[in-house]
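# Secondary and tertiary structure notes
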Amino acid sequence: MANYSIVPVTDKNILDAARIHSISWKESHRSFCSADFIEQHSIENQRNYIAGKRDKGSEFFILYDKDPVAVVSIDGGLIEDLYVLPEFQNKGYGTKLLEYAVSKIQANGHTPVLWILENNHGAERLYLRNGFVPTGNRNHITGKLDEVEYIHG
């Protein structure tokens, strides 16, 4: 991981970002979403999702280590869409991309905030290890699942 780079998502690399987002999102949601809903998150749909968020002001970044590995988005102080391809998870890429997002947000005078699904224990471990703490705020996603807010503190 010595030669990794983090660059903005542009029209030239948006398909790399969409591929990472699609594969990683499907894997992380497979255990609790329907197969039909999972399949709606195709590379093309995720490309449109990323392009739409960028059009509304979100910044997307992609981490390359020779190959495209991970993505993240920033909107003001909000960190979203942090996805690492399954075969590259638990190798430090998520931490590097999270550190990058936190530093960009702090440089702009904001406090980093993010939301995670309460059943995403891997993400929770990553965020807790990197200085995030739960605020106590929750959004009800479904009757069975909440989203929990974390702040960098």
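The present account deals with the structure reproduced in this document. These figures come from a predicted structure and were not determined experimentally.

## Focus on the nonpolar core
- Ile 79, Leu 98, Leu 114, Tyr 127 and Phe 132 are the most contacted members of the largest nonpolar core, which has 24 residues in total.
- Breaking this core down by element, the ones donating at least two residues are strand E2 (59-65), strand E3 (67-75), strand E4 (78-84), helix H4 (93-107), strand E5 (113-117), helix H5 (121-129) and strand E7 (146-152).
- Once residues lying within four places of it in the same chain are set aside, the contact partners of Leu 114 are Leu 78, Ile 79, Leu 98, Tyr 127, Phe 132, Val 148, Glu 149 and Tyr 150.
- In this structure, Ala 17, Ala 18, Trp 25 and Tyr 83 belong to the second largest nonpolar core, which totals 16 residues.

## Observations regarding helix H1 (residues 14-29)
- Between its terminal C-alpha atoms H1 stretches 22 Å, which fits the 22 Å expected from 16 residues at 1.5 Å a residue.
- The inward-facing, buried residues of H1 contact helix H2 (35-39), helix H3 (43-55), E2, E3, E4 and E5.

## Section: unusual backbone geometry
- Not every positive phi belongs to a glycine, and Lys 66 is a case in point at roughly 70°.
- Inspection of the secondary structure assignment puts Lys 66 in the loop between E2 and E3.
- Its identity as a non-glycine residue notwithstanding, Asp 81 has a phi of 55°, on the positive side.
- Mapped onto the fold, Asp 81 is located in strand E4.
- What makes Asp 81 buried here is its relative accessible area of 11%.

## A look at the packing of aromatic side chains
- By the definition in use, this model includes four aromatic pairs.
- Plain terms: the ring middles of Trp 25 and Phe 37 are 5.7 Å apart, the flat faces sit at 70° to each other, and that makes the pair edge-to-face. One end of the pair, Trp 25, is in helix H1; the other, Phe 37, is in helix H2, and twelve residues separate them in sequence.
- Residue Trp 25 is classed as buried on the basis of its relative accessible area, which comes to 9%.
- With relative accessibility at 36%, the residue Phe 37 sits in the partly exposed group.
- On the basis of an interplanar angle of 65° and a centroid distance of 5.8 Å, the ring pair of Tyr 127 and Phe 132 is categorised as edge-to-face.

## Looking at the sheet that holds strand E1 (residues 5-8)
- The strand order across the open sheet formed by seven strands is E1-E2-E3-E4-E5-E7-E6, and the pairing between neighbours is mixed. The open sheet has two free edges, formed respectively by E1 and strand E6 (132-140), since each of these has just one partner strand. Looking at each pair of strands side by side, their axes are set apart by 30° on average, direction ignored.
- Most of the contacts of H5 go to E5, to which it runs at about 155°, and overall it touches E4, E5, E6 and E7.

## A short note on the environment of Thr 111
- Locating Thr 111 in the fold gives a position in the loop between H4 and E5.
- Put simply, Thr 111 and Val 148 are 37 residues apart on the chain and 17 Å apart in space, counted from C-alpha to C-alpha.
- Discounting residues that sit within four places of it in the chain, Thr 111 has contacts with Gly 77, Ile 105, Ile 151 and His 152.

## Here we look at the packing of H4 against H5
- It is at 11 Å that the axes of H4 and H5 come closest, and there the two elements cross at 55°. Considering the angle they form, H4 stands oblique to H5. In the packing of H4 onto H5, the handedness of the crossing is right-handed. Here Gly 94, Thr 95 and Leu 98 of H4 come into contact with H5, specifically with Leu 126, Tyr 127 and Arg 129.

About the cut-offs
- For every chain, the first residue of the written sequence is number 1, and numbering continues from 1 onward in sequence order.
- The model is predicted, so local features are restricted to residues of pLDDT at least 70 and side-chain atom pairs to those at 80 or more, both for listing and for counting; the totals for chains, interfaces and linings are taken over all residues.
- To obtain the side-chain values, all non-hydrogen atoms of the structure were used and water was disregarded.
- To define a nonpolar core, start from buried Ala, Val, Leu, Ile, Met, Phe, Trp, Tyr and Cys residues and group those joined through side-chain atoms within 4.5 Å.
- Type-normalised accessible area, obtained with a 1.4 Å probe on protein chains alone, sets the label of each residue: buried when under 20%, exposed when over 50%, and partly exposed for intermediate values.
- Only DSSP runs of H or I reaching four residues or more are called helices, and only runs of E reaching two or more are called strands; each is numbered from the N terminus.
- Residue contacts follow a heavy-atom distance rule, with two residues in contact if any of their heavy atoms lie within 4.5 Å.
- A helix is expected to span 1.5 Å for every residue after the first.
- The rule is short: rings of Phe, Tyr and Trp, with Trp giving its six-membered ring, pair when the centres are within 6.5 Å, and they are stacked under 30 degrees, edge-to-face over 60, tilted in between.
- DSSP-based pairing: two strands are paired if at least 2 bridges between them are found.
- The angle between two axes is taken between their N-to-C directions and runs from 0 to 180 degrees, where each axis is a line fitted to C-alpha atoms and a helix contributes only its stretch in contact.
- Should an angle fall under 35 degrees it is taken as roughly parallel, and over 145 as roughly antiparallel, whereas 65 to 115 is taken as roughly perpendicular and any remaining angle as oblique.
- Helix crossings fall into two classes, left-handed where the near helix is turned counterclockwise from the far one by less than a right angle and right-handed where it is turned clockwise.

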